[in-house]
There are 2 protein chains.
Amino acid sequence: MSSRGAGRRAGSPDTRAEILEAARRQFAANGYDRATMRAIAADAGVDPSLIHHYFGTKDRLFATSIDLSGSAGEALDAVLGEGGEDLGRRLAETFFTVWEQEEARTSLLGILRSATGGEDRAVLAFRQFLTSVLLERIAPKIEGESRQLRALLMASHLVGVAMTRYVMRLEPIASVSVAEIIDLVAPRIQSYVEAA
Amino acid sequence: MSSRGAGRRAGSPDTRAEILEAARRQFAANGYDRATMRAIAADAGVDPSLIHHYFGTKDRLFATSIDLSGSAGEALDAVLGEGGEDLGRRLAETFFTVWEQEEARTSLLGILRSATGGEDRAVLAFRQFLTSVLLERIAPKIEGESRQLRALLMASHLVGVAMTRYVMRLEPIASVSVAEIIDLVAPRIQSYVEAA
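Here we come to the overall build of chain A. Helices and strands together make up the secondary structure of chain A, namely 11 helices and zero strands. Within chain A, the proportion of its 196 residues that are buried is 52%. Restricting to contacts in chain A with at least 6 residues of sequence separation, those with at least 24 account for 65%. Total accessible area on chain A is roughly 8800 Å²; 49% of this is exposed by carbon and sulfur atoms.

Given below as structure tokens:
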């Protein structure tokens, strides 16, 4: 996996971050299949071998790029750290705060398109990411039976709103304020937290 | 719009239905942009001019093909005719009954892929269809404020479950029975019917 002449730059956290940013841009703009390692390397201004050094395969680069997409990971940790009460509202707020940021939205739209476009490896990477977040991090925070299924139904609702608001842009959901959507969605998310 | 030599077959409801079936197959298999009028005509065994005679443009053919997709339209009319009580459960049951039919699912997956794939005319046709169903047929059946927005949020939740169960196939939502999903989803859909 290591590459000739990459010893120096391999030590730089900036280079790794730059590759990740370039990967997110390329995956968002072109989808998983058409975003080549060569194009990502060119975008980041590094040799392609350096991507292999840091991330191994394109699958793993993709998985890493979505895992750290925008500030979603850190925001989620903060939300989950506060305990289960009002978790529904905080999850909805976090979800929409990320989606309302233009850069994150571009990246997330690319992921959603890859995931629905039948691009199998992208679906696999996205599935692994979502599964780990939902089953390992969110499900343990909720009570009662079928908690894994309910964690997935919470996510389904949020993803569905992203589909109708940001992808299909159906009215009136596309134009109302995020606050109005959160006020309506949060109690339904919370109901999945609380009861089977 | 009328075509040479099509007078005889133009009178046959079978021909129109055959064109629609072929259109659904081609849109599902290839997406909106790549499904050509010529390929649809060949699939239906008719002259392309006959498609123009019946449906005009490709946009209108697509809109008609999704409006009549499977038995969704008739099922929805039946569900809405029964009044608002327990509407959430009946909508959820109808939605998943259609999705669980293999032929309908193939068609719906094609639509969802087109709608998320940035194929603008497909998104437009799908948006017109969904908007007419949600705002003109479902919203009037629910009570209170923001009924149009709540109708869209109900649809968002159902579409989101279709995404995680049928498109992304996340576990455990992909493998549990439809009955188990309906038992959990229906009360949340019903809560949108009943309260703002």
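So, next bit.
The subject of this paragraph is the nonpolar core. Ranked by internal contacts, the top residues of the largest apolar core, which has 138 residues, are Leu 61 of chain A together with Leu 61 of chain B. Sequence-distant contacts of Leu 61 of chain B, that is, excluding residues within four places in its chain, are made with Ile 19, Leu 20, Ala 23, Phe 27, Met 37, Ile 40, Ile 51 and Phe 55 of chain B.

What follows concerns the interface of chain B and chain A. Listed per partner, the contact involves 41 residues of chain B and 41 residues of chain A. In total, chain B and chain A occlude about 3500 Å² of area from one another, counting both sides; carbon and sulfur atoms represent 72% of this. Inspection of the region where chain B meets chain A yields six residue pairs in polar contact (both at pLDDT 80 or more). Those elements giving two or more residues to the side of chain B that touches chain A turn out to be helix 8 (102-116), helix 9 (120-138), helix 10 (147-167) and helix 11 (178-194) of chain B. The element contributing the most residues to the side of chain B that touches chain A is helix 10 of chain B, with 13 residues. Class assignment for the residues of the side of chain B that touches chain A results in 23 nonpolar, 11 polar and seven charged.

Right, let's talk about the pattern of salt bridges for a bit. For the structure on display, the rule yields 10 salt bridges over all chains. Two residues, Asp 183 of chain A and Arg 89 of chain A, come together in a salt bridge whose shortest N-O distance is 3.2 Å. Here Asp 183 of chain A, found in helix 11 (residues 178-194), pairs with Arg 89 of chain A, found in helix 7 (residues 87-100); they are 94 residues apart in sequence, far enough to count as distant. Taking the relative accessible area as the measure of exposure, Asp 183 of chain A reaches 46% and is therefore partly exposed. For Asp 43 of chain B, the salt bridge goes to Arg 25 of chain B, with nearest N and O atoms at 2.8 Å. One end of the pair, Asp 43 of chain B, is in helix 3 (residues 37-44); the other, Arg 25 of chain B, is in helix 2 (residues 13-34), with 18 residues separating them in the sequence. Put simply, Arg 89, Glu 93 and Asp 183 of chain A are held in one network by salt bridges that share partners.

Residue and element names in this part refer to chain A. Over its 22 residues, helix 2 (residues 13-34) extends only 27 Å from the first C-alpha to the last, a length that falls short of the 32 Å expected when each residue adds 1.5 Å. At Ala 28, helix 2 shows its strongest bend, of approximately 85°. The complete set of buried residues in helix 2 reads Thr 15, Ile 19, Leu 20, Ala 22, Ala 23, Arg 24, Gln 26, Phe 27, Ala 28, Gly 31 and Tyr 32.

In this section: the relation of the copies chain B and chain A. With an axial shift of 0.0 Å and an RMSD of 0.0 Å, the rotation relating chain B to chain A amounts to 180°. Taken together, the rotation and translation describe the operation of a two-fold axis. Among all C-alpha atoms of chain B, that of Gly 160 of chain B lies closest to the rotation axis, at 1.8 Å. The share of interface residues of chain B whose copies in chain A are also at the interface is 100%, consistent with both copies meeting through the same surface.

A word on the confidence of the model for chain A. All names here are of chain A. Per-residue confidence for chain A gives a mean pLDDT of 81; residues scoring 70 or more make up 82%. Predicted confidence is poor over residues 1-10, with pLDDT under 50, and the contacts of this stretch with residues over four places away or in other chains come to 17 contacts. The ipTM value of the predicted complex is 0.74, and its pTM value is 0.75.

With that out of the way, let us pick up unusual backbone geometry. Residue and element names in this part refer to chain A. Here the amide bond leading from Glu 171 into Pro 172 is cis, since omega sits at 5°, within 30 degrees of zero. Among the structural elements, Pro 172 can be located in the loop between helix 10 (147-167) and helix 11. We note that Arg 169 has phi near 50°; this positive angle belongs to a residue other than glycine. In this structure, Arg 169 sits in the loop between helix 10 and helix 11.

This part covers the packing of helix 10 of chain A against helix 10 of chain B. Contact geometry for helix 10 of chain A and helix 10 of chain B: axes closest at 7 Å, N-to-C directions at 115°. As the angle between them shows, helix 10 of chain A and helix 10 of chain B are arranged roughly perpendicular. For the pair helix 10 of chain A and helix 10 of chain B, the crossing hand works out as right-handed. For the pair helix 10 of chain A and helix 10 of chain B, contact is made by Leu 153, Ser 156, His 157, Val 159, Gly 160, Val 161, Met 163 and Thr 164 of chain A and by Leu 153, Ser 156, His 157, Gly 160, Val 161, Met 163 and Thr 164 of chain B, respectively. For the contact of helix 10 of chain A with helix 10 of chain B, the per-class residue count stands at seven nonpolar, eight polar and no charged.

Moving on to the packing of helix 10 of chain A against helix 11 of chain A. All names here are of chain A. Put simply, helix 10 and helix 11 touch, their axes get as near as 9 Å, and they point 160° apart. Comparing their axes, helix 11 and helix 10 come out roughly antiparallel. Relative to helix 11, the crossing made by helix 10 is right-handed. The segment helix 10 lies against helix 11, with Arg 150, Leu 153, Met 154, His 157, Leu 158, Val 161 and Arg 165 engaging Val 178, Ile 181, Val 185, Arg 188, Ile 189, Tyr 192, Val 193 and Glu 194. Of the residues contributing to the contact of helix 10 with helix 11, the split by class is 10 nonpolar, one polar and four charged.

A word on the side chain of Arg 165 of chain B. Structurally, Arg 165 of chain B is set in helix 10. Within the local environment of Arg 165 of chain B, its side chain forms a polar contact with the backbone oxygen of Ile 173 of chain B, the two atoms lying 3.0 Å apart.

The rules behind each value
Residues numbered from 1 in each chain as written. Chains lettered and ligands numbered in written order. Predicted model: local features only at pLDDT ≥ 70, side-chain atom pairs only at ≥ 80, totals over all residues. Heavy atoms only, no water. Helix = DSSP H or I, 4+ residues; strand = E, 2+ residues; numbered from the N terminus. Buried < 20%, exposed > 50% of the residue type's maximum accessible area, 1.4 Å probe, protein only. Contact = heavy atoms within 4.5 Å. Areas by Shrake-Rupley, 256 points an atom, 1.4 Å probe, with all protein chains shown as cover. Core = buried A, V, L, I, M, F, W, Y, C linked by side-chain atoms within 4.5 Å. Buried area = accessible area lost by both parts, 1.4 Å probe. Polar contact = N/O pair within 3.5 Å; in protein donor to acceptor, adjacent residues only side chain to side chain. Nonpolar A, V, L, I, M, F, W, Y, C, P; charged D, E, K, R; others polar. Salt bridge = Lys/Arg side-chain N within 4 Å of Asp/Glu carboxyl O. Expected span 1.5 Å × (residues − 1). Bend = angle between axes of the 7 residues up to and from the residue. Least-squares fit on C-alpha atoms with pLDDT ≥ 70 in both. pLDDT = per-residue confidence, 0-100. Axes fitted to C-alpha atoms, helices over the stretch in contact; angles between N-to-C directions. Parallel < 35°, antiparallel > 145°, perpendicular 65-115°, else oblique. Left-handed = near helix turned anticlockwise from the far one by under 90°.

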